[in-house]
Amino acid sequence: MIFVDRWNNQVIDERKNLSSEEIRVHFIQTRKRVFKEFGELWSDETGLQHPSIAVRIDDLSSHDIEHIAKSIKDG
């Protein structure tokens, strides 16, 4: 997770001057794009084409929850 922490710090630094609304819009757009791409890995006939991707989806969800909890805590 060191890479993720470094990436988070870089993104936070790049976006520190954005308003809460701009951050919210960017977050929603990014997640829509990610879930669209994950959705393209699904087939009704074969299920998830790359089962290891399911772990990444769960990681992304956990990661988002951490950010949301921190933002609520920090106000």
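See the structure shown above.
Let us look at the structure shown here. None of the values given here were measured: they were computed from a predicted structure. (Residues numbered from 1 in each chain as written. Predicted model: local features only at pLDDT ≥ 70, side-chain atom pairs only at ≥ 80, totals over all residues. Heavy atoms only, no water.)

## Examining the overall build of the chain
Counted only if it meets this: Secondary structure elements are defined from DSSP: runs of H or I of at least 4 residues count as helices, runs of E of at least 2 residues count as strands, and each element is numbered from the N terminus. Categorising residues by exposure relies on relative accessible area from a 1.4 Å probe, with only protein chains included: less than 20% of the type maximum marks a residue as buried, more than 50% marks it as exposed, and the intermediate range marks it as partly exposed. Values of accessible area rely on a 1.4 Å probe in the Shrake-Rupley scheme; residue burial ignores everything except the protein chains shown.
Across its full length, the chain carries three helices and two strands. N-terminal to C-terminal, the α/β element order of the chain is α-α-β-β-α. Across the 75 residues of the chain, 15% fall into the buried class. Here the chain displays about 6500 Å² of accessible surface, and carbon together with sulfur accounts for 58% of that area.

## A few points about the side chain of Arg31
By the secondary structure assignment, Arg31 is in helix H2 (residues 20–39). Accessibility expressed as a relative area gives 15% for Arg31, which makes it buried.

## Here we look at the layout of surface pockets
A probe as big as a water molecule, rolled over the atoms, marks out the empty space that is left. For clarity, the threshold we go by: Cavities and pockets are found on a 1 Å grid laid over the protein atoms alone: a cavity is a set of points where a 1.4 Å probe fits but cannot escape, a pocket is an open set with protein on both sides within 12 Å along at least five of seven lines, and a lining residue has an atom within 4 Å of such a point. Grid points are joined across faces, edges and corners, and a volume is the space filled by probe spheres set on the points. Polarity classes work like this: nonpolar for Ala, Val, Leu, Ile, Met, Phe, Trp, Tyr, Cys and Pro, charged for Asp, Glu, Lys and Arg, and polar for all others, with Gly in that last group.
In this structure, the largest pocket encloses a volume near 1600 Å³. Every residue lining the largest pocket is counted, 36 residues in all, and those nearest its centre are Asn8, Val11, Arg31, His63 and His67. Of all the secondary structure elements, the ones that give two or more residues to the lining of the largest pocket are helix H1 (2–14), H2 and helix H3 (52–74). In terms of residues, the lining of the largest pocket owes the most to one element, H3, which gives twelve residues. Its residues placed into classes, the lining of the largest pocket shows 13 nonpolar, eleven polar and twelve charged.

## Quick word on the pattern of salt bridges
This is how it is decided: Just to be clear on terms, a salt bridge is a Lys or Arg side-chain nitrogen sitting within 4 Å of an Asp or Glu carboxyl oxygen.
Applying the stated criterion across every chain, the model contains two salt bridges. For Lys16, the salt bridge identified is with Asp13, shortest N-O distance 3.1 Å. For Lys16, a relative accessible area of 57% translates into the label exposed. Between Glu21 and Arg24 there is a salt bridge; the shortest N-O distance is 2.8 Å. With Glu21 and Arg24 both in helix H2 and three residues apart, the pair spans about one turn of that helix.

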